Amino acid sequence: MRILQILISPRIGGAESAADSLASVWRERGHVVDTAFMDASGTVPVRRLQHIRKEVRAFGPDVVVSHSALPNLYARLAVKKSVAPVVCVLHSAARDFDDAKLRVAETLLKHRAAAIIAVSASQVAEYRSRFPDQQIDMIPNGVGSHFFPATIPPAEFRITSVGRVAGQKDPDTWASIARRVTAANGNVRFDWVGPTDVDPEYANLVSVFDASEDVIRFVGPSDDVPAALRRSRMLLHTARREAHSVALLEAAAAGLPIVCTSEVGLGLPDWIVREEFDAGNVDGGVAAVRRVLEDIDAFQSRAISQAARVLEQYGARVCAERYLDVFNRVVGTSS
């Protein structure tokens, strides 16, 4: 099968990470996979449509998979049903269809999707509340097999966060927690791994922590997140909301205990080892981190014991196979 994925741009984020993991497994299975970036020729709507059509003509897909709200919209406008079925994937942690323009667009275009996939139960509920007559599949994002626990505990006690530096992830709360914890414990280091140029609102915050500083760092994007997690002892995730956080599952697969907000914790299975605090509550976040610090060996032992279970239930291969089931349904071919 020839599978073309549509993304906005070659950025780092949940949708992009999910698409990369899916592509790797599909290629292992013998499928031909390519990725087109909607904004490669600019952000003017006509240019976006022209670019997607050009990529589709050049690749000749059996199925087109669009990831997140804007690619979902443009892919259905650009690709006729007679050319290839379009499968739309909902990734956003925000309530996309509270936006009147997106709601109207979805009303007009929903029947041009061969299938709609949501990565979390909350997205399924939100979508059905707006479009109750539309079929929707739920397939949680998958974790790659390159996430696994370190064989030797790292020498430094590093607490890592993974994600873009943007409002949804609440970097202000992260920085406040990091300052408080490091002031009381000089052996702890904090790293935030992920793009720092996504939201100009946080440029000043990022500049406060020079990348050469070895206590609290915004280190920018990494080509090897699994290695960054294996150098860590804990994941701190201050996001106020998530659709289905693959970053937390990746940390769990790496055998790390997690500290996250209660709002995000609602989307995790009970057996994921974690401590929670209310979003935006610095005191609560500091207390949660300290609870893990005070009993780190027990927390980490429990987390490592559950690491294999993450891949069994949320592995990229399981996820990719479920996508192929959907493709076979809409294309009408066997894998």
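What counts and what doesn't
Residues numbered from 1 in each chain as written. Predicted model: local features only at pLDDT ≥ 70, side-chain atom pairs only at ≥ 80, totals over all residues. Heavy atoms only, no water. Helix = DSSP H or I, 4+ residues; strand = E, 2+ residues; numbered from the N terminus. Rg over C-alpha atoms; globule rule 2.2 N^0.38 Å. Buried < 20%, exposed > 50% of the residue type's maximum accessible area, 1.4 Å probe, protein only. Areas by Shrake-Rupley, 256 points an atom, 1.4 Å probe, with all protein chains shown as cover. Lys, Arg positive; Asp, Glu negative; His and termini not counted. Charge placed at Lys NZ, Arg CZ, Asp CG, Glu CD. Pairing = 2+ DSSP bridges. Axes fitted to C-alpha atoms, helices over the stretch in contact; angles between N-to-C directions. Contact = heavy atoms within 4.5 Å. Patch = residues over 30% accessible without salt bridge, like charges linked within 9 Å, V, L, I, M, F, W, Y side chains within 5 Å. Salt bridge = Lys/Arg side-chain N within 4 Å of Asp/Glu carboxyl O. Left-handed = near helix turned anticlockwise from the far one by under 90°. Nonpolar A, V, L, I, M, F, W, Y, C, P; charged D, E, K, R; others polar. Expected span 1.5 Å × (residues − 1).

Draft legend 1. Region of the structure containing the overall build of the protein chain. Looking only at helices and strands, one finds 13 helices and 12 strands in the protein chain. Taken over C-alpha atoms, the radius of gyration comes to 20 Å for the protein chain, in line with the 20 Å a tight globule of 335 residues would show. Within the span of the protein chain, comprising 335 residues, buried residues form 54% of the whole. Per element, the accessible surface of the protein chain, about 14,800 Å² overall, is 49% carbon and sulfur. Charged side chains in the protein chain number 39 positive and 40 negative. The centres of these two groups are separated by 7 Å.

Draft legend 2. The arrangement of the sheet that holds strand β7 (residues 157-162) in detail. If you trace the six strands from one edge of the open sheet to the other, you get β9-β8-β7-β10-β11-β12, paired in parallel fashion. Looking at the sheet topology across the chains shown, the edges are occupied by β9 (216-220) and β12 (274-277). Direction aside, neighbouring strands of the sheet carry axes that sit 25° apart on average. Pairing of strand β8 (residues 188-193) with β9, which is carried by four bridges, proceeds in the parallel orientation. Each bridged residue has a counterpart across the sheet, and for Phe190 the counterpart in β9 is Ile216. Together, β7, β8, β9, β10 (234-237) and β12 form the strand contacts of helix α6 (residues 171-184), whose direction differs from that of β8 by roughly 165°.

Draft legend 3. Representation of a positive patch on the surface. Together, Arg53, Lys54, Arg57, Lys80, Lys81 and Arg112 make up a region of like positive charge exposed at the surface. The topology assignment puts Arg53 in helix α2 (residues 45-59). On the basis of relative accessibility, which here comes to 34%, the residue Arg53 falls in the partly exposed class.

Draft legend 4. Summary view of the sheet that holds strand β3 (residues 63-67). With respect to topology, six strands assemble into an open sheet ordered β2-β1-β3-β4-β5-β6, the strand pairing being parallel. The open sheet is flanked by β2 (32-37) and β6 (137-138), the only strands paired with a single partner. In terms of strand pairing, strand β1 (residues 2-7) meets β2 through six bridges, oriented parallel. Looking at the pairing, Gln5 lines up with Thr35 of β2. Its contacts with the sheet place α2 against β1, β2 and β3, and it is angled at close to 165° to β1. Its contacts with the sheet place helix α3 (residues 69-78) against β1, β3 and β4 (86-90), and it is angled at close to 170° to β4.

Draft legend 5. Up close: the environment of Phe299. Within the fold, Phe299 resides in helix α12 (residues 296-314). Residue classification places Phe299 among the buried positions, given a relative accessible area of 9%. For Phe299 and Leu256, which are 43 residues apart along the polypeptide, the C-alpha to C-alpha distance reads 8.3 Å.

Draft legend 6. View of the packing of α3 against helix α4 (residues 100-109). Where α3 meets α4, the closest approach of the two axes is 11 Å, and the angle between their N-to-C directions is 35°. Considering the relative orientation of α3 and α4, their crossing is left-handed. Side by side, α3 and α4 meet where Ala69, Leu73, Arg76 and Leu77 of the first sit next to Leu102, Ala105, Glu106 and Leu109 of the second. Looking at the contact of α3 with α4 residue by residue, the class counts come to six nonpolar, no polar and two charged.

Draft legend 7. The pattern of salt bridges, seen in detail. Applying the stated criterion to the full structure yields 15 salt bridges. Note that Asp137 and Arg329 form a salt bridge whose closest N and O atoms lie 2.9 Å from each other. Within this pair, whereas Asp137 is found in strand β6, its partner Arg329 is found in helix α13 (residues 316-331), the two being separated by 192 residues in sequence. One connected set of salt bridges, linked through shared partners, spans Glu156, Arg158, Asp191 and Arg217.

Draft legend 8. Spatial organisation of α3. Among the 10 residues in α3, seven count as buried, and that is most of the element. Turning to α3, its buried residues are Pro71, Asn72, Leu73, Tyr74, Ala75, Arg76 and Ala78. On its buried face, α3 is in contact with β1, α2, β3, β4 and α4.

Draft legend 9. Structural context of the side chain of His237. Here His237 is to be found in strand β10. Looking at His237, the relative accessible area reads 4%, which means it is buried. The contact partners of His237, leaving out residues within four places of it in the chain, are Val162, Glu242, Ser245, Leu248, Val259, Cys260, Thr261, Val264 and Phe277.

Draft legend 10. Main features of α13. Here α13 spans 22 Å end to end across 16 residues, near enough to the 22 Å set by a 1.5 Å rise per residue. Those residues of α13 that sit buried are Ala316, Cys319, Ala320, Tyr323, Leu324, Val326, Phe327 and Asn328.

Any functional reading would require information that these geometric values do not contain.
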